Amino acid sequence: MARSIMTPAFKIERDEDRCIQCGVCVRQCANDVHHQDEDGWMWVDDEKCVACQRCAVLCPTRALSIKEYPIDFRSNQHWTSPTIREIYAQAESGGVLLTGMGNPRSYKNFFDHLLLNASQVTNPSIDPLREPMELTTYLGNKSQNGSEGEKPQLELDIPIMFSAMSFGSVSINVQKSLAAAARELGTFWNTGEGGLHSDLLGYGKGAIVQIASGRFGVHPDYLENSAAIEIKIGQGAKPGIGGHLPGEKVSQEVSRARMIPAWSDAISPAPHHDIYSIEDLAQLIETLKVATRYRKPIAVKVAAVHNISAIASGVVRAGADILVIDGFRGGTGAAPMRIRDNVGIPIEMALAQVDSRLRDEGIRSQASLVVTGGIRNSADVLKSIALGADAVYIATAALLALGCHMCQMCFTGKCNWGIATTRADLTKRLNPIIGSRHAINLLTAWSHEIKEMMGGMGINAVESLRGNRLMLRGIGLTREELDLLGVKPAGE
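Residue indices begin from 1 for each chain and proceed along its sequence in written order. Only residues with pLDDT of at least 70 get local features here, since the model is predicted, and only at 80 or more are side-chain atom pairs given and counted; chain-wide, interface and lining totals rely on the full set of residues. Excluded from the side-chain calculations are hydrogens and water; all other atoms, namely the structure's heavy atoms, are used.

Another point: the nonpolar core. Residues Ile-160, Phe-162, Ile-325, Ile-394, Ile-419 and Met-454 are the most contacted members of the largest nonpolar core, which totals 105 residues. Pairs of residues are marked as contacts when any of their non-hydrogen atoms sit within 4.5 Å. Setting aside residues up to four positions removed in sequence, Phe-162 forms contacts with Leu-178, Ala-181, Ala-182, Leu-185, Phe-188, Trp-189, Asn-190, Tyr-393, Ile-394, Ala-398, Ala-439 and Leu-443. Residue types Ala, Val, Leu, Ile, Met, Phe, Trp, Tyr and Cys, when buried and joined through side-chain atoms within 4.5 Å, form a set referred to as a nonpolar core. Type-normalised accessible area, obtained with a 1.4 Å probe on protein chains alone, sets the label of each residue: buried when under 20%, exposed when over 50%, and partly exposed for intermediate values. Core analysis: the next-biggest nonpolar cluster, separate from the first, contains 14 residues, Phe-188, Ala-228, Val-324 and Val-370 among them.

A pair of aromatic rings is counted whenever rings of Phe, Tyr or Trp (Trp by its six-membered ring) have centres within 6.5 Å, and the orientation is called stacked for planes under 30 degrees apart, edge-to-face for over 60 and tilted otherwise. The full count for this structure, using the stated rule, is 2 aromatic pairs. Where Phe-73 meets Tyr-88, the ring centres are 6.0 Å apart and the plane angle is 55°; that geometry is what we call tilted. Residue Phe-73 is located in the loop between strand E4 (64-68) and helix H3 (81-93), and its partner Tyr-88 is located in helix H3; the two are separated by 15 residues in the primary sequence. The cationic tip of Arg-54 hangs over the ring face of Trp-417; the distance from NZ or CZ to the ring centre is 4.8 Å. Strands are runs of DSSP state E lasting at least 2 residues, helices are runs of H or I lasting at least 4, and numbering of each runs from the N terminus. Counting as a charge over the ring demands two things of the Lys NZ or Arg CZ atom: a distance within 6 Å of the ring centre and an angle within 35 degrees of the ring normal.

Think of a 1 Å grid over the protein atoms and nothing else: a 1.4 Å probe that fits but is trapped marks a cavity, an open set flanked by protein within 12 Å on at least five of seven lines marks a pocket, and residues with an atom within 4 Å of a point count as lining. Grid points are joined across faces, edges and corners, and a volume is the space filled by probe spheres set on the points. Taken as a whole, the largest pocket holds about 1,800 Å³ of empty space. In this structure, the largest pocket is lined by 47 residues; those nearest its centre are Met-6, Ala-9, Phe-10, Arg-85 and Met-409. Of all the elements in the fold, those that place two or more residues in the lining of the largest pocket are H3, strand E5 (98-99) and helix H9 (337-342). In terms of residue count, H3 provides more of the lining of the largest pocket than any other element does, 9 residues in total. Start and end points for every domain follow an automatic or database-based domain assignment. For the lining of the largest pocket, the two domains that each supply at least three residues are domain 1 (10-95) and domain 2 (110-489).

Attention now moves to the domain arrangement of the chain. According to the domain assignment, the chain consists of domain 1 (10-95) and domain 2 (110-489). Between the C-alpha centres of domain 1 and domain 2 the distance comes to 35 Å. Facing the 13 residues of domain 1 at the interface are 11 residues of domain 2. In short, buried area is how much 1.4 Å probe accessible area vanishes from two parts on joining, totalled over both. When the two sides are added together, the surface that domain 1 and domain 2 hide from each other amounts to roughly 1,100 Å², 51% of it contributed by carbon and sulfur. Area buried by domain 1 at its contact with domain 2 is led by Ala-30, Cys-52 and Arg-54, which between them contribute 47% of it. Criterion for a salt bridge: a side-chain nitrogen of Lys or Arg within 4 Å of a carboxyl oxygen of Asp or Glu. Residues Glu-86 and Arg-338 are paired through a salt bridge, measuring 2.9 Å at the closest nitrogen-oxygen approach. In protein, a polar contact means a hydrogen-donor-capable atom and an acceptor-capable atom, both N or O and within 3.5 Å, with residues adjacent in sequence counting only if both atoms are side-chain atoms; elsewhere, any N or O pair within 3.5 Å suffices. Across the domain 1-domain 2 interface, the total number found is 6 residue pairs in polar contact (both at pLDDT 80 or more).

To continue, consider the pairing of strand E19 (residues 391-394). By the alternation rule, side chains of E19 split into Ala-391 and Tyr-393 and Val-392 and Ile-394, which are all buried. Where strand E9 (residues 160-162) meets E19, 3 bridges bridge the pair, whose relative direction is parallel. In the strand pairing of E19, Ile-160 is matched with Val-392. Two strands qualify as a pair provided DSSP detects at least 2 bridges between them. Taken together, the 2 bridges between strand E18 (residues 368-372) and E19 define a ladder with parallel strand orientation. Across the sheet, the residue bridging to Val-371 is Val-392, located in E19. Crossover connection from E18 via helix H11 (residues 378-387) to parallel E19: handedness right-handed. Looking down the strands as they point away from the viewer, one classifies a crossover as right-handed if the path from the first strand across the helix to the second runs clockwise.

On to helix H8 (residues 308-317), then. With 7 of 10 residues buried, H8 is to be regarded as a mostly interior element. Every buried residue of H8 is listed here: Ile-308, Ser-309, Ala-312, Ser-313, Gly-314, Val-315 and Val-316. With its phi angle positive at about 110°, Gly-319 sits one or two positions after the end of H8.

In structure tokens, the structure reads:
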């Protein structure tokens, strides 16, 4: 057999003076990196390491460290080391490069080039510890159309929800953690396109259930046991293509939730085969409203792409109550690397343009805007709202709170932290009670920070910040970028 021209990506170093040969690393690694012979001698297979860091974190004597493999290519700015490694991998496999999580490239992050305003003398700041601060948010159609009556709304205690991550792409314990956290926080979680596991039926009233092109797990009870319904057209990590859950992750439990054969690939086609126009989308939205007796808001999720403003206008005119836009830094369980890294646009640009377009057309009140795809902290949340969002979804940040170490190998199903896996022995590594507490702590902390920042701006209700771009200033941005975002430069 020909020797691989690839070197390992990572190197594991073991401090022999510290190692007590306890075998924890052997038992904890799902990738079979660590080995121990009958005499207790420890050795590693560096080629299998994905740098999930579980062995190093759980080593009782801190004897292990993981580093990038110490080899230098004669690389340059164009032919970088990652580019060379990717060519080697495809030359040996002849396959598409798959990856997980979001776009890691060094494109400009516009959130980091936006600064929030602060009150001084003429507009006194507000002390959130002594004065009430209102974060309650309502999502849905708020237009007044004569005798149609009051339209269904989602009431959120905080303008943050847990984004779509399907059972199969993540473990059941991830969904249990986020569902329990959403209930305590007074917000919502999204089932993703994998149906609803029977253990989560009690959390259905806090769930936004998703309908994707594969229609996995969709049936009347699924729609009924929900707070809202989301039609997934696209997602930020892979605009224009469908979904793929490898058969290795389609366990018996996943097969029951998705209503497909176990251990078979779950393929969501790129298009919905009943949606080829705005009129077709309008018909599905109306069908879902009729099926749920007009008691649930209907959301439509699309990826942020170049003509997003026109798409958004069509979706709102088709009757969507909530428009969800996913930016190109959105995470994923599995996506072709080339798609993830080269397709789509930043969520900041998409949001600003969509909000402006809907206002110019006089239809902004007909649908709420929810954005996702790279929301990292409370400042990103506030900047999104100031750019025009009603609320945000978070996914990667939530997984990090649950223990994800972002090794980007979610598609293998061998997640050592019990997150992106369906293996029972790995799933149990995530305790949903602890997981939910971490998710609650994260959003509780963000809520405190949001109130502090709002108070500093002299604003006591999140509603007053929505679309208020005067509260933003750009720094290090070109005039064209400032115009697209609709904000003034710092100092002006």
